[in-house]
Amino acid sequence: MNFERWQRNAWIVGIAGLVLAATGLMFSREQFFRSYLWAFLFWFGVGMGCLPLLMLYHLVGGAWGFTIRRIVECGARTIPAMAVLFLPILFGVHSLYEWSRPEVLAQSAVIARKHAYLNTPFWIFRAIIYFAIWLLYAYRLNRLSALEDEMGDITVTGRLQRLSAPGLVVYGLTVTFALFDWAMSLEPEWFSSIYGLLWIVNQVLSALALSIIVIVLLSRAPAADTLNDLGNLLFAFVMLWAYLSFAQFLIIWSGDLPEEIHWYLSRLDNGWQWIAAMSLAFHFAVPFLLLLGRVNKRRVTRLGSIAAIVLLMRAVDTFWLVTPAFYQDRISVHLLDLLAVIGIGGVWVAVFAGALGSVPLLPLHDPNAAPHKAI
């Protein structure tokens, strides 16, 4: 594959998309930041989901992880770019988050009680800490991987394992609090204890779907058993997403508390219910039924098509999770939504393609290399 061409075209699309989206600042500052936020959270999730997949592989091994190891390593290398792309959200804090506005604090006792945590300086400080931790893990995992390629030293494998074990815990905690800050606090009077875990599953599912798509684009004849393993993993996370989504809905709906139920009422009425139905059908039902068939998990084009559906629906689901916070009385799909997701996506793909083109597609001294067939 010509990674340079992919990178060049992605840069063109990404920069053009971001420039066109930025023109929206002249017409609707609020709409620009609203569109930018959900698009950022989607692509951020794709890159961040690569970290736990990579760390999980270092802990448990297996041919499935060997196949996608380079892909998720390069996905993690997009985190510095996402840190830069996060800057517009810092400038849009007052347009996005009502808890940052003094007049709202004066009107809501609930938000006022949360002000010690939800205040702009502390919010920005936490974002810096989150990205510093993620960048450190992404750098160390990739640096040790490069060292393993260069030296073939078996002790590097142990170092990767020792880094990954606590890394999964750190990832879970930091991502949970980051999504509390960036997504759940859009409606600061609402709270869900499942929310952080749901976003973790969202991110891993996005990264896994992307990895399968890249395998389809790069592979001549990947091993059927490895494809089957990836398909089973995709099936498991589709099921986990459905379970957590339904569990959150069931608990909140049955509780029927005014401060909790409004979150779902705004997302299941005024046109938003059609996006929810689309997500239920194509994020869960269709992939679930297709992945039940063993043959679909062992054919590279079929599995790639299923993964593409899942990744597309991850974008739709992210839009549904975020945007109704701003439009509770009507559905809103704006041109800036499309421009923002294309612009950020173009930059993400460009950075990812550049990283993938700079390393061997297969690890050179991985202990799991023996049973694998070449890409």
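The rules behind these values
- Residues numbered from 1 in each chain as written.
- Predicted model: local features only at pLDDT ≥ 70, side-chain atom pairs only at ≥ 80, totals over all residues.
- Heavy atoms only, no water.
- Helix = DSSP H or I, 4+ residues; strand = E, 2+ residues; numbered from the N terminus.
- Rg over C-alpha atoms; globule rule 2.2 N^0.38 Å.
- Buried < 20%, exposed > 50% of the residue type's maximum accessible area, 1.4 Å probe, protein only.
- Contact = heavy atoms within 4.5 Å.
- Core = buried A, V, L, I, M, F, W, Y, C linked by side-chain atoms within 4.5 Å.
- Salt bridge = Lys/Arg side-chain N within 4 Å of Asp/Glu carboxyl O.
- Disulfide = S-S within 2.5 Å.
- Expected span 1.5 Å × (residues − 1).
- Polar contact = N/O pair within 3.5 Å; in protein donor to acceptor, adjacent residues only side chain to side chain.
- pLDDT = per-residue confidence, 0-100.
- Phe/Tyr/Trp six-rings, centres within 6.5 Å; stacked < 30°, edge-to-face > 60°.
- Lys NZ or Arg CZ within 6 Å of the ring centre and 35° of its normal.

J.: Please clarify how the overall build of the protein chain should be interpreted in this entry.
T.: Each helix and strand in the protein chain was counted, giving 18 helices and zero strands. For 375 residues, the compact-globule estimate of 2.2 N^0.38 gives 21 Å, and the protein chain sits close to it at 21 Å. When the backbone C-alpha atoms are referred to their principal axes, the protein chain occupies close to 65 × 40 × 40 Å. Taken across its 375 residues, the protein chain has 55% of its residues classed as buried. By sequence separation, contacts in the protein chain at least 24 residues apart represent 80% of the contacts at least 6 residues apart.

J.: Could you clarify how one ought to interpret the nonpolar core in this entry?
T.: Nonpolar side chains in soluble globular proteins tend to be buried together. The biggest cluster of nonpolar side chains holds 126 residues, and the ones touching the most others in it are Phe40, Trp134, Trp182 and Leu234. If you tally residues by element for this core, the top one is helix α12 (residues 195–218), at 15 residues. Sequence-distant contacts of Leu234, defined by excluding residues within four places in its chain, comprise Leu205, Leu208, Ala209, Ile212, Leu291, Leu303, Ile306, Ala307 and Val310.

J.: Hey, could you run me through the pattern of salt bridges in this one?
T.: Charged atoms that come close allow side chains of opposite charge to pair. One pass over the full model with this rule turns up nine salt bridges. A salt bridge links Glu148 to Arg69; its shortest N-O distance comes to 2.9 Å. Pair noted here: Glu148 is in helix α10 (residues 120–151) and Arg69 is in helix α4 (residues 63–76), with a separation of 79 residues, a long-range link. The pair Glu148 / Arg69 is uniform in exposure class, with both members buried. The salt bridge partner of Asp225 is Arg298, with a shortest N-O separation of 3.0 Å. One end of the pair, Asp225, is in helix α13 (residues 224–255); the other, Arg298, is in helix α16 (residues 294–298), with 73 residues separating them in the sequence. One network of salt bridges, with partners in common, ties together Arg69, Arg70, Glu73, Glu148 and Asp149.

J.: Please explain the state of the cysteines as it appears in this structure.
T.: Two cysteines joined by a covalent bond between their sulfur atoms form a disulfide. Under the counting rule described, the total for this entry stands at zero disulfides. No disulfide involves Cys50; its nearest neighbouring cysteine sulfur is the one of Cys74, lying 9.1 Å away. Taking the relative accessible area as the measure of exposure, Cys50 reaches 0% and is therefore buried.

J.: Just to check I follow, could you spell out α10 for this structure?
T.: Two residues of an α-helix separated by three or four positions point the same way, owing to the 3.6 residues in each turn. When the terminal C-alpha atoms of α10 are compared, their 46 Å separation across 32 residues agrees well with the 46 Å that a helix rising 1.5 Å per residue should span. For α10, the N-terminal cap is Asn119; the gap from its side-chain oxygen to the backbone nitrogen of Phe122 is 3.1 Å. Backbone geometry just downstream of α10 places Gly152 in the positive-phi region, at approximately 65°.

J.: What is the right way to read the confidence of the model for the protein chain from this model?
T.: A low pLDDT score tells you not to read the predicted coordinates there in detail. Predicted confidence across the protein chain gives a mean pLDDT of 92, with 97% of residues reaching 70 or more. Note that pLDDT drops below 50 for residues 371–375; the model gives that stretch 11 contacts with residues more than four away or on any other chain.

J.: Explanation requested: the side chain of Ser164 in the structure shown.
T.: Structurally, Ser164 is set in helix α11 (residues 154–182). In this structure Ser164 touches Met55, His58, Leu59 and Leu141, once residues within four positions along its chain are discounted.

J.: How should I be thinking about the environment of Gly65 in this particular structure?
T.: Note on placement: Gly65 falls in helix α4. Accessibility expressed as a relative area gives 1% for Gly65, which makes it buried. Through-space distance from the C-alpha of Gly65 to that of Phe237 is 15 Å; in sequence the pair is 172 residues apart.

J.: Is there a simple way to think about the packing of aromatic side chains in this case?
T.: We describe a pair of aromatic rings using the distance from one ring centre to the other and the angle between the two ring planes. What the rule picks out here adds up to 38 aromatic pairs. Ring geometry for Trp99 against Trp123: centres 6.1 Å apart, planes inclined by 50°, an arrangement best described as tilted. Taken together, the residues Trp99 in the loop between α7 (93–96) and α8 (102–107) and Trp123 in helix α10 connect sequence positions 24 residues apart. Residue classification places Trp99 among the buried positions, given a relative accessible area of 1%. Judged by relative accessible area, which is 0%, Trp123 ranks as buried. Site record: aromatic cluster; members linked through ring pairs are Phe40, Phe44, Phe86, Tyr97, Trp99, Trp123, Tyr130, Phe131, Trp134 and Trp182. Taking the ring centre of Phe122 as reference, the NZ or CZ of Arg126 above it sits at 4.4 Å.

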